[in-house]
Amino acid sequence: MNETKHEHDEDPAAALRQTSLRVTKQRVAVLEAVREHPHADTETVIRSVRESLPTVSHQAVYDSLHTLTEVGLVRCIQPSGSVARYERRIGDNHHHLVCRSCNLIVDVDCTIGQAPCLIPSHDAGFLIEQAEVTFWGLCPDCAKSGAAVVGDDHRVAV
């Protein structure tokens, strides 16, 4: 069972040291960018990192995101039809609400109890540790504006 952690609140340099990764300006800046912009896509992370490190390359940010995801300091999510998004909220098996119109992503806590918080009808002998659920709909602003959704991935304003 996963222990609920609050890695997203940790000091980036301390978090890197806990994973035995070398503390670099790029990694610290990427962790800060992902913390400041939950569910950020790569381009948003790059723009944010460049505010403090103007000469950082795209590749350095991609490499940092990959490494930080591998060691579990960052979580990569990719809702259907969306680019990869990154978040610092990890280790608590939370889920996501996604607006079909504007692509807003909002965290939602575990649906029932503790991780994995859902039980499949058949586990095929797997030891289930985590469930990943995406709830789809319209955010309050899009619902208010009369946005309509046609099919799974087509967004239409009414």
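Here is what the cut-offs are and how they apply
- Residues numbered from 1 in each chain as written.
- Predicted model: local features only at pLDDT ≥ 70, side-chain atom pairs only at ≥ 80, totals over all residues.
- Heavy atoms only, no water.
- Pairing = 2+ DSSP bridges.
- Helix = DSSP H or I, 4+ residues; strand = E, 2+ residues; numbered from the N terminus.
- Buried < 20%, exposed > 50% of the residue type's maximum accessible area, 1.4 Å probe, protein only.
- Contact = heavy atoms within 4.5 Å.

*Asks:* Pulling in residues and values, what's your account of the sheet that holds strand E3 (residues 85-87)?
*Replies:* Taken in spatial order, the 3 strands of this open sheet run E1-E3-E2, and their pairing is antiparallel. Whereas interior strands pair on both sides, the edge strands pair on one side only; in this sheet they are strand E1 (40-41) and strand E2 (75-77). Note: E1 against E3, 2 bridges, orientation antiparallel. Of the residues in E3, the one forming a bridge with Asp 41 is Arg 85.

*Asks:* Summarise the environment of Glu 10; cite the residues concerned and give the values.
*Replies:* Positionally, Glu 10 belongs in the segment before helix H1 (12-18). The exposure class assigned to Glu 10 is partly exposed, which follows from its relative accessible area of 22%. When the C-alpha positions of Glu 10 and Arg 35 are compared, they lie 9.7 Å apart, and in sequence the two are 25 residues distant. The contacts of Glu 10, once residues within four sequence positions are left out, are Ala 15, Gln 18, Arg 35 and Arg 88.

*Asks:* Describe unusual backbone geometry, listing the residues and the values that go with them.
*Replies:* One non-glycine residue, Ser 20, lies in the positive phi region at around 70°. Tracing the backbone shows Ser 20 in the loop between H1 and helix H2 (25-36).

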